[in-house]
Amino acid sequence: MQYEVKNIFSSVRNARQIVEVPGSKSITARALLIAALAEGKSLLYGGQLSDDCSTFIEAVRSLGIGVEVGSDCIAVEGCGGKLPVASGEIYVGSAGTAARFLTALCALQDGRFTLTSSPQMMRRPQRPLIEALVSLGARFEFLGEEYCFPFVVQGTSSPADEVTVNIEKSSQFLSALLMSAVCAGKPLTIRTVGNHGMDYVKMTLDMMWSFGVTAEEGDGCYTVFGGYEAKRYEIEPDISAACYFYAMNKILGTEISVRGVMKHTMQGDMKFIEILKDFDGGVIDMSAFSDQALTMAAVAPYLSRPTTIVGVKHIRGQECDRIASISKNLAALGVRCEEFDDGVTIYPSEPHGGHIDTFGDHRVAMSFAVTGLRCDGVVIDNAEVCSKTFKEYFDVLDDLVCSLTAE
């Protein structure tokens with residue numbers, strides 16, 4: 001579908017508004033995996049049911065885990081670390097969390113599993129995780145390009161005592177190994193090379209602790225002990241989704257807040273909300289909250305000084321080449337933008353109307369809708385891609401626009 005954004009810059013009458021966003025995708029995915037490996041039934045409240053999370057739920061079910069989705073919670077019947085099936089076919093779609101987390105789980109089980117994905121996921125990096133799992137004793141048979149989906153994994157029931165993983169491209173590789181380490185049936189030591197997105201690793205460790213598993217940490221080395229116990233768990237609102245609404249405040253002078261968002265959160269994107277309050281251009285390293293590079297790019301034309309986003313080379317390998325998408329779409333709106341290897345420089349401009357090419361990426365669609373709230377004629381092509389993480393985004397935006405401009 002196409003979505004034409006309404007320019008409301010001169011029409012805001014009710015600046016103070018509250019909106020709601022889904023539960024955190026990152027927390028939901030981790031909670032689903034941990035609950036699946038726990039002993040007993042867990043109840044997960046506030047979980048996200050976007051395309052990514054629904055795909056994750058179906059993938060977990062295909063591994064013999066009972067998952068019931070109710071009106072207010074997701075009930076997961078855990079397996080105590082040992083899957084009830086020795087084979088299966090698992091589809092991970094375009095969900096990076098499902099892709100990495102379930103690959104590690106299957107590699108640490110006594111069984112043979114076929115994992116398939118969307119074409120988009122076939123292009124995303126998996127090699128560092130797969131190499132680590134092979135060193136633990138798993139075997140992989142690639143059904144297409146080497147180290148990419150789809151593949152068959154023959155898991156190991158007696159893994160090595162320790163493993164090294166390179167996390168320069170994604171901290172999800174480490175999170176995947178940490179959470180599934182309990183399947184080894186013994187203490188497992190994970191050594192890391194590189195540094196990337198460590199707020200998400202801290203989130204993983206905090207959640208593991210909540211479900212009863214400890215990890216000793218020091219100098220980039222983690223040793224995991226114990227097993228998970230089922231529990232009732234509350235999932236925070238998705239800060240990544242909330243950021244779009246706080247970004248609107250920056251360019252509209254509004255006071256929009258998101259229900260349930262607290263300063264003390266496990267989610268690293270809260271840094272973006274804090275930084276944005278006083279940011280008016282300059283150089284910003286977004287490596288620690290790179291999902292918001294597109295959001296920053298969406299508001300940067302309206303700032304007083306040029307904005308240079310650095311530290312985000314890895315986002316070229318996400319749902320699309322996000323750096324290239326920033327450059328192309330800003331150019332379509334008449335904004336001067338210089339692209340380089342690990343980021344962009346965006347100059348103060350007066351954007352005009354134009355069509356936004358989403359490249360099948362949910363964050364492109366949601367981010368550039370923010371830009372259009374302050375200029376005429378911005379049209380988001382294939383806006384439905386937002387369903388990957390926030391199905392109701394444009395409905396929420398429509399309701400918000402009505403509330404902000406109501407007489």
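Basis of the calculations
Residues numbered from 1 in each chain as written. Predicted model: local features only at pLDDT ≥ 70, side-chain atom pairs only at ≥ 80, totals over all residues. Heavy atoms only, no water. Helix = DSSP H or I, 4+ residues; strand = E, 2+ residues; numbered from the N terminus. Rg over C-alpha atoms; globule rule 2.2 N^0.38 Å. Contact = heavy atoms within 4.5 Å. Areas by Shrake-Rupley, 256 points an atom, 1.4 Å probe, with all protein chains shown as cover. Lys, Arg positive; Asp, Glu negative; His and termini not counted. Charge placed at Lys NZ, Arg CZ, Asp CG, Glu CD. Phe/Tyr/Trp six-rings, centres within 6.5 Å; stacked < 30°, edge-to-face > 60°. Buried < 20%, exposed > 50% of the residue type's maximum accessible area, 1.4 Å probe, protein only. Lys NZ or Arg CZ within 6 Å of the ring centre and 35° of its normal. Pairing = 2+ DSSP bridges. Axes fitted to C-alpha atoms, helices over the stretch in contact; angles between N-to-C directions. Polar contact = N/O pair within 3.5 Å; in protein donor to acceptor, adjacent residues only side chain to side chain.

Participant: Which parts of the structure should I look at to understand the overall build of the chain?
Facilitator: The secondary structure content of the chain amounts to 13 helices and 21 strands. Against the compact-globule benchmark of 22 Å for 407 residues, the chain has a radius of gyration of 21 Å, which places it among compact chains. Each principal axis of the C-alpha distribution contributes one length, and for the chain these read about 65 × 45 × 40 Å. For the chain, the proportion of contacts with a sequence separation of at least 24, taken over those separated by at least 6, is 73%. Counting only carbon and sulfur atoms, one obtains 47% of the accessible surface of the chain, whose full area is about 15700 Å². Between the mean site of the 35 positive side-chain charges and the mean site of the 51 negative ones, the chain shows a separation of 1 Å.

Participant: I would appreciate a short explanation of the packing of aromatic side chains in the present structure.
Facilitator: The geometry of two aromatic rings is summed up by the distance between their centres and the angle between their planes. Summed over the entire model, instances satisfying the criterion amount to 13 aromatic pairs. Each ring, one from Phe-56 and one from Phe-101, has its centre 6.4 Å from the other, and the planes form 65°; the classification is edge-to-face. Note that Phe-56 is positioned in helix H2 (residues 51-61) and Phe-101 in helix H3 (residues 96-107), a separation of 45 residues in sequence. Both residues of the pair, Phe-56 and Phe-101, belong to the buried class. Ring centres of Tyr-393 and Phe-394 lie 5.0 Å apart, and the angle between their planes is 80°; this geometry places the pair in the edge-to-face category. For Phe-394, a relative accessible area of 4% gives the class buried. One aromatic cluster is present, built from ring pairs that chain together Tyr-3, Tyr-244, Phe-245, Phe-390, Tyr-393 and Phe-394. Taking the ring centre of Tyr-347 as reference, the NZ or CZ of Arg-336 above it sits at 3.8 Å.

Participant: Sorry if this is basic, but what is going on with the sheet that holds strand E5 (residues 73-77) here?
Facilitator: Either a parallel or an antiparallel arrangement is found when strands of a sheet pair, and the pairing is made through backbone hydrogen bonds. Pairing is mixed across the open sheet formed by 4 strands, whose spatial order is E4-E5-E3-E14. Unpaired on one side and paired on the other, strand E4 (66-69) and strand E14 (232-234) mark the two borders of the sheet. Direction aside, neighbouring strands of the sheet carry axes that sit 15° apart on average. Inspection of the sheet shows E4 paired to E5 by 4 bridges, in the antiparallel sense.

Participant: Just checking my understanding: could you explain the side chain of Glu-319 for this structure?
Facilitator: Counting through the fold element by element, Glu-319 comes out in the loop between strand E17 (307-310) and helix H11 (322-332). There is a polar contact of 2.9 Å between the side chain of Glu-319 and the side chain of Arg-322. For Glu-319, the residues in contact, after removing those within four places along its chain, are Gln-120, Arg-123, Arg-124, Phe-359, Asp-361, His-362 and Lys-388.

Participant: Quick question: what am I supposed to make of the pairing of strand E19 (residues 343-346) here?
Facilitator: Regular strands place their side chains on alternate faces of the sheet. The side-chain alternation of E19 yields two buried faces, one formed by Gly-343 and Thr-345 and the other by Val-344 and Ile-346. As judged from the 3 bridges shared by E17 and E19, these two strands associate in the antiparallel manner. Pairing of Ile-309 across the sheet is with Val-344, part of E19. Relative to E19, strand E18 (residues 337-340) runs antiparallel, the two being bridged by 4 bridges. Considered in E19, the bridge of Cys-337 is made with Ile-346. What sits between E18 and E19 in their antiparallel hairpin is a turn of 2 residues.

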